[in-house]
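Commentary on secondary and tertiary structure
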Amino acid sequence: DSGVTQTPKHLITATGQRVTLRCSPRSGDLSVYWYQQSLDQGLQFLIQYYNGEERAKGNILERFSAQQFPDLHSELNLSSLELGDSALYFCASSITSRDYNSPLHFGNGTRLTVT
Amino acid sequence: AQKVTQAQTEISVVEKEDVTLDCVYETRDTTYYLFWYKQPPSGELVFLIRRNSFDEQNEISGRYSWNFQKSTSSFNFTITASQVVDSAVYFCALRGGYQGAQKLVFGQGTRLTINP
């Protein structure tokens, strides 16, 4: 158990809808990362937050947004969903933002299916 | 740009065979960090090992060993006496020390199947 909690585990929704994925980092970790895993794109970095502030952005669509709250949990909001958004979404956490040697610890992921 | 290449898409071996998973990386950073993760059929990503660019010592942990060679930009992973429980997708990942330091860049993964 990595200590990173993601909810829900599975989500099935229709095109055009909006969903929110939730992540609680490991105790003591200040940095949260979101990744998308799809069959054709592999594991893609979406966005990173550190102590409530956005630190880095990757291949995140404009329809997607995220935030990190004062209690350090994070939410990833996906809107105007398309079939291609179906994927496994991972949250990961690490202690700091600048300890690049520190591994990312991943949650079990949220499997999103858009029908 | 940071890039990780795992040329072996799928590998299938019989239990107790040794198997090596290849990883080749590209980076312009002089300091960088390499990682291996395992994704079993249950789907979670499990951290296995990290290596700094300035530490080229190879590492052994039980049946697992890692061979880091800066000269060939490779960070290969060997499982000795493989077991069925080793069946998973294995990812090699790179984190730059300066450029792109915030994110972990993953290879496409190698699906390893250990047959009884």
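What comes next is a walk through the structure.

1. Focus on the overall build of chain A
Regarding its fold elements, chain A presents zero helices and eleven strands. Reading chain A from its N end, one meets helices and strands in the order β-β-β-β-β-β-β-β-β-β-β. A compact globule built from 115 residues would reach a C-alpha radius of gyration of about 13 Å, and chain A, at 13 Å, matches this within 12%. Counting only C-alpha atoms, chain A reaches 40 × 30 × 25 Å along its principal axes.

2. Digging into the interface of chain B and chain A
Across the contact, 20 residues belong to chain B and 23 residues belong to chain A. If you look at where chain B meets chain A, you find zero salt bridges. Looking at the side of chain B that touches chain A, the elements that each hand over two or more residues are β5 (32-39), β6 (46-52) and β10 (88-96) of chain B. Among the elements that line the side of chain B that touches chain A, the one with the most residues is β5 of chain B, at four residues. Of the residues contributing to the side of chain B that touches chain A, the split by class is nine nonpolar, seven polar and four charged.

Cut-off values and rules
- Residues numbered from 1 in each chain as written.
- Chains lettered and ligands numbered in written order.
- Predicted model: local features only at pLDDT ≥ 70, side-chain atom pairs only at ≥ 80, totals over all residues.
- Heavy atoms only, no water.
- Helix = DSSP H or I, 4+ residues; strand = E, 2+ residues; numbered from the N terminus.
- Rg over C-alpha atoms; globule rule 2.2 N^0.38 Å.
- Contact = heavy atoms within 4.5 Å.
- Salt bridge = Lys/Arg side-chain N within 4 Å of Asp/Glu carboxyl O.
- Nonpolar A, V, L, I, M, F, W, Y, C, P; charged D, E, K, R; others polar.

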